[in-house]
Amino acid sequence: MSSEIVSLAYCTRLIRYMRKLLLLLILAVGIYAPAKSQDVSIKTNILADVALSPNVGIEFGLKPHWSLDVTGEYNQWTIQQHKWKHWLVQPEVRYWFCDYFAKHFLGLHLMGGQYNTGNIRNNINFLGSNLSVLTDNFIEGWGIGAGIAYGYALPLSRHLNLEFEIGVGYVYTQFDRFECTECRKKAGSGDHHYVGPTKAAVNLVYVF
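Residues numbered from 1 in each chain as written. Predicted model: local features only at pLDDT ≥ 70, side-chain atom pairs only at ≥ 80, totals over all residues. Heavy atoms only, no water.

Chemist: I keep staring at the pattern of salt bridges and nothing clicks. Help me out?
Modeler: In a structure, side chains of opposite charge can pair up when their charged atoms sit close to one another. Summed over the entire model, instances satisfying the criterion amount to 10 salt bridges. Across the pair K199 and D69 runs a salt bridge whose closest N-O atoms are separated by 4.0 Å. With a gap of 130 residues between them, K199 in strand β10 (residues 186-207) and D69 in strand β3 (residues 66-79) connect regions that are remote in the sequence. A relative accessible area of 7% means that K199 is categorised as buried. For the salt bridge of E163 with R94, the shortest nitrogen-to-oxygen distance reads 3.1 Å. Taken as a pair, E163 in strand β9 (residues 160-178) and R94 in strand β4 (residues 82-96) lie far apart in primary sequence, 69 residues in all. (Salt bridge = Lys/Arg side-chain N within 4 Å of Asp/Glu carboxyl O. Helix = DSSP H or I, 4+ residues; strand = E, 2+ residues; numbered from the N terminus. Buried < 20%, exposed > 50% of the residue type's maximum accessible area, 1.4 Å probe, protein only.)

Chemist: Where do I start with the packing of aromatic side chains in this structure?
Modeler: The geometry of an aromatic ring pair comes down to the distance between the two centres and the angle between the two planes. All told, the structure shown has seven aromatic pairs when counted by the stated rule. Each ring, one from Y100 and one from F101, has its centre 5.0 Å from the other, and the planes form 70°; the classification is edge-to-face. The class for Y100 is buried, based on a relative accessible area of 14%. According to the relative accessible area criterion, F101 is buried, its value standing at 9%. With 6.0 Å between their ring centres and 65° between their planes, W142 and Y172 make a pair best called edge-to-face. Linking W142 in strand β8 (residues 138-155) with Y172 in strand β9, this pair joins segments that are 30 residues apart in sequence. Y172 matches W142 in its accessibility class, with the two residues each being buried. Through successive ring pairs, a cluster of aromatic residues spans W96, Y100, F101 and F105. (Phe/Tyr/Trp six-rings, centres within 6.5 Å; stacked < 30°, edge-to-face > 60°.)

Chemist: Teacher, can you tell me more about a nonpolar patch on the surface here?
Modeler: On the surface, I42, I46, V50, L154, L156, L160, F164, L204 and Y206 cluster together into a nonpolar patch covering about 740 Å² of accessible area. Examined against the element boundaries, L156 turns out to sit in the loop between β8 and β9. (Patch = residues over 30% accessible without salt bridge, like charges linked within 9 Å, V, L, I, M, F, W, Y side chains within 5 Å. Areas by Shrake-Rupley, 256 points an atom, 1.4 Å probe, with all protein chains shown as cover.)

Chemist: For this particular structure, what's the right way to read the layout of surface pockets?
Modeler: A probe as big as a water molecule, rolled over the atoms, marks out the empty space that is left. Estimates place the volume of the second largest pocket at around 240 Å³. Along its surface, the second largest pocket is lined by 12 residues, and E140, W142, Q174, F175 and D176 are the ones closest to its centre. Here the residues of the lining of the second largest pocket sort into four nonpolar, five polar and three charged. (1 Å grid on protein atoms, 1.4 Å probe; cavity = no way out; pocket = protein on both sides within 12 Å on 5 of 7 lines; lining within 4 Å. Points joined across faces, edges and corners; volume = space filled by probe spheres on them. Nonpolar A, V, L, I, M, F, W, Y, C, P; charged D, E, K, R; others polar.)

Chemist: Explain the environment of Y95 here, please?
Modeler: One can find Y95 in strand β4. Accessibility expressed as a relative area gives 30% for Y95, which makes it partly exposed. Measuring from C-alpha to C-alpha, the distance between Y95 and L106 comes to 5.3 Å, with 11 residues separating the pair along the chain. The residues contacting Y95, other than those within four sequence positions of it, are H65, W66, H104, F105 and L106. (Contact = heavy atoms within 4.5 Å.)

Chemist: Explanation requested: unusual backbone geometry in the structure shown.
Modeler: Glycine aside, a negative phi is what most residues show, and trans is what most peptide bonds show. Of note, L52 is a non-glycine position whose phi angle comes to about 60°, a positive value. Along the polypeptide, L52 turns up in the loop between α2 (46-50) and β2 (55-63). At K103, a position not held by glycine, the phi torsion is positive, near 65°. On the secondary structure map, K103 appears in strand β5 (residues 103-118). Note on K103: relative accessible area 42%, which makes it partly exposed.

Have a look at this one:
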């Protein structure tokens, strides 16, 4: 029991640090971007936008072939008792085969976030993750993970890129299951180990 408490406390602190990191980077881009043109880009993942998950990404060129990308999602939708709430931070170190922001790259990413979702009818069972439980339950929890990715940035103009990326990795999550949102009647707890896709993006990118 004590080891579980330590693990939960450590992961909670890690998630808080990742949220603070995203905020600091968003503030920093306002200072850094004007002075370092072509070294900073901002982006949004069109796939996440279509899924009603507002998101933003910031990427910094570090030195030739290397960059740091940090993306974040924040979703607080509740529509007629259908919940789809979560936040996610995903920093990634990238190696570009040419210079950064152009053509092929490899990435190594971390991720952390929290979720509160349910009353979403489905029969999805994907790579050992049974999402059909969300049909009659609400799931609240947190997760952390890591993965590797491959991507390609297609220049559209001097300042606009279209970026494609796919990644795979591992995610560990702990959660509580509730029968309804109002009564908060707890129906159980658990954890889950997931191995599979951890990133899919079609990013519209603006390069300063």
